[in-house]
Amino acid sequence: MTVADLLRAGLLRPTAAVDVVEGRDERGIRRITVRVADGWSFDVLPDRGLDIGGAWWRGTPGAWRSPIETDPGPGRGWGDRFLGGLLVTCGPDQIGVARDGALHGRHSATPAHDVAWRRTLSPAGVSVEITGTIDDVHMFGRHVRIRRAITTSTVDEALRVHDRVENLGLEPAPVALLYHVNLGAPAIAPGARVSIEAERTIAREHTQSVPDATVLPDPIQHTEETVFAHIGVRADDGTARAIVTTPDGRRTEVAWSAGTLPRCYQWVLPTRGGWALGIEPANAPLFEPERESEQTRAVRVSPGEVIETSVAITYG
């Protein structure tokens, strides 16, 4: 049966199923599972800032998962706790050196609250939306609130994440954001082409295993990583894009709001058994010279000010 047949038969739940797992999964975290017929299936992680874990498009995996099977919990470094997943949000306190058991900031180590979901039926199909709030707050100062909405539907091939970031504090607050979109096999393969239109591309450090940002290498037998910065990313109608195409024609697109996320970074982990590609839209420098200045290290958001960001992932 097609999606249209399911809807005509009144079978809404099989068309777009949402299940809240109150216990903890095999990786030690709660999850909300979303399964859309002939579309996206993915896990939303309330304990990790409403980030996205495993993800499949029409049954084919697209997200990179780290070799760490279970989170050992607080007290361990981020390298011991990083489970990967389709989306790991970095910030909003900082996107620099990982610390306090979190990758580049506290977001992914902060549980979301007021988490809810809804399923909407229209003449065109069914859409699913997961919403929640993540606070970065200090008792005597900073209070940055992120209201997140994750959406997908039977008529839209994209998995979309929209954040409304507001400074609820009394003083201007630096807000650094980086969206770590992690792709794994078969969304990536040796020889896959990475296309990000930018004025120039620089490497944080040059490595023999990843000499070029545009082509993914074969897996290697030692641990090494490379990070590229794409400077002056070009955008059409306010949207920037990264397109990854494998030798067999599989195509993944990561699109984002260029006005609020004007930067893009690219992480390549060529190590066998951990092989990964990260596409990372951001609003602040990760390692360029301007990173050394407090004035450019993060966007300063005034009290009551709101900024909005969006990231959309299409895989097929």
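Above this text is the structure in question.
The rules behind the values
Residues numbered from 1 in each chain as written. Predicted model: local features only at pLDDT ≥ 70, side-chain atom pairs only at ≥ 80, totals over all residues. Heavy atoms only, no water. Helix = DSSP H or I, 4+ residues; strand = E, 2+ residues; numbered from the N terminus. Rg over C-alpha atoms; globule rule 2.2 N^0.38 Å. Contact = heavy atoms within 4.5 Å. Areas by Shrake-Rupley, 256 points an atom, 1.4 Å probe, with all protein chains shown as cover. Lys, Arg positive; Asp, Glu negative; His and termini not counted. Charge placed at Lys NZ, Arg CZ, Asp CG, Glu CD. Salt bridge = Lys/Arg side-chain N within 4 Å of Asp/Glu carboxyl O. Buried < 20%, exposed > 50% of the residue type's maximum accessible area, 1.4 Å probe, protein only. Pairing = 2+ DSSP bridges. Core = buried A, V, L, I, M, F, W, Y, C linked by side-chain atoms within 4.5 Å. Polar contact = N/O pair within 3.5 Å; in protein donor to acceptor, adjacent residues only side chain to side chain.

I'd love a proper account of the overall build of the protein chain, names of residues and values included.
Assigned secondary structure in the protein chain consists of 3 helices and 22 strands. In summary, the protein chain has a C-alpha radius of gyration of 19 Å against a globular reference of 20 Å for 316 residues, a match within 12%. Structurally, the protein chain occupies a C-alpha span of about 60 × 50 × 45 Å along its principal axes. Contacts spanning at least 24 positions in sequence make up 58% of the contacts within the protein chain whose residues lie at least 6 apart. When the accessible area of the protein chain is evaluated, it comes to approximately 14,200 Å², of which 51% is carbon and sulfur surface. A distance of 3 Å separates the average location of the 34 positive side-chain charges in the protein chain from that of its 41 negative side-chain charges.

Talk me through the pattern of salt bridges; I want residue IDs and the actual numbers.
Under the counting rule described, the total for this entry stands at 17 salt bridges. Across the salt bridge formed by Arg-160 and Asp-156, the nearest N and O atoms sit 2.8 Å from each other. The closest approach of N and O atoms between Glu-166 and Arg-164, which form a salt bridge, is 3.2 Å. Taking relative accessible area as the criterion, Glu-166 reaches 14% and is therefore assigned buried. One continuous salt-bridge network, built from bridges that share partners, spans Asp-93, Arg-106, Asp-136 and Arg-142.

Describe in detail the pairing of strand E10 (residues 158-167), supporting the description with residues and values.
Each regular strand displays side chains that alternate between the two surfaces of the sheet. Burial analysis of E10 places 7 of its 10 residues in the buried class, which makes it a mostly covered element. Taken together, the 8 bridges between strand E9 (residues 143-153) and E10 define a ladder with antiparallel strand orientation. In the strand pairing of E10, Ile-150 is matched with Val-161. In sequence, E9 turns back onto E10 through a hairpin of 4 residues. Where E10 lies against strand E22 (residues 306-315), 9 bridges are found, and the strand directions are antiparallel. Residue pairing in the sheet places Val-161 in a bridge with Val-311 of E22.

Describe the pairing of strand E12 (residues 178-183), with residues and values.
With 6 of 6 residues buried, E12 lies mostly within the body of the structure. Covered by surrounding structure in E12 are Leu-178, His-180 and Asn-182 together with Tyr-179, Val-181 and Leu-183, the residues of both alternating faces. Where strand E6 (residues 87-90) and E12 come together, 4 bridges link them in antiparallel fashion. Bridge pairing links Cys-90 to Leu-178 in E12. In the sheet, E12 pairs with strand E20 (residues 276-282) via 4 bridges, with the strands oriented antiparallel. By the bridge assignment, Val-181 is partnered in E20 with Ile-279.

Give me the lowdown on the nonpolar core, citing residues and values where you can.
The nonpolar side chains of soluble globular proteins are, as a tendency, buried together. Formed by 61 residues in total, the largest nonpolar core has its most connected members in Leu-86 and Trp-256. Dropping the residues within four chain positions of it, Leu-86 is found in contact with Trp-40, Ile-52, Gly-53, Ala-55, Ala-63, Leu-159, His-180, Val-181, Asn-182, Leu-183 and Ile-313. One finds Phe-82, Ala-276, Phe-287 and Ala-298 within the second-largest nonpolar core, a separate group that totals 20 residues.

Would you mind going over the environment of Ala-4 in detail, with residue names and values included?
Structurally, Ala-4 can be placed in helix H1 (residues 3-8). Since its relative accessible area comes to 37%, Ala-4 is described here as partly exposed. Taking the C-alpha atoms as reference points, Ala-4 and Arg-234, 230 residues apart in sequence, are found 38 Å from one another.

Any details on the side chain of Ser-108? Residues and values, ideally.
Structurally, the position occupied by Ser-108 is in the loop between E6 and strand E7 (113-121). Assessed through its relative accessible area of 8%, Ser-108 is described here as buried. Once you skip the residues sitting within four places of it in the chain, Ser-108 turns out to touch Asp-47, Arg-48, Gly-49, Asp-51, Val-88, Thr-89 and Leu-103.

Tell me what's going on with the side chain of His-180, and back it up with residues and numbers.
Inspection of the secondary structure assignment puts His-180 in strand E12. Take His-180: its relative accessible area is 5%, and that puts it in the buried class. Separated by 2.6 Å, the side chains of His-180 and Asn-182 make a polar contact. Engagement of the side chain of His-180 in a polar contact is seen with the side chain of Glu-280, the distance being 3.1 Å. When sequence neighbours within four positions are dropped, the list of residues in contact with His-180 reads Leu-86, Leu-87, Val-88, Cys-90, Leu-103, Trp-267, Ile-279 and Glu-280.

Please provide a residue-by-residue account of the environment of Val-3, values included.
Among the structural elements, Val-3 can be located in helix H1. Overall, Val-3 belongs to the buried group, its relative accessible area being 17%. Beyond its immediate sequence surroundings of up to four residues, Val-3 is in contact with Thr-15, Ala-37, Asp-38 and Thr-154.

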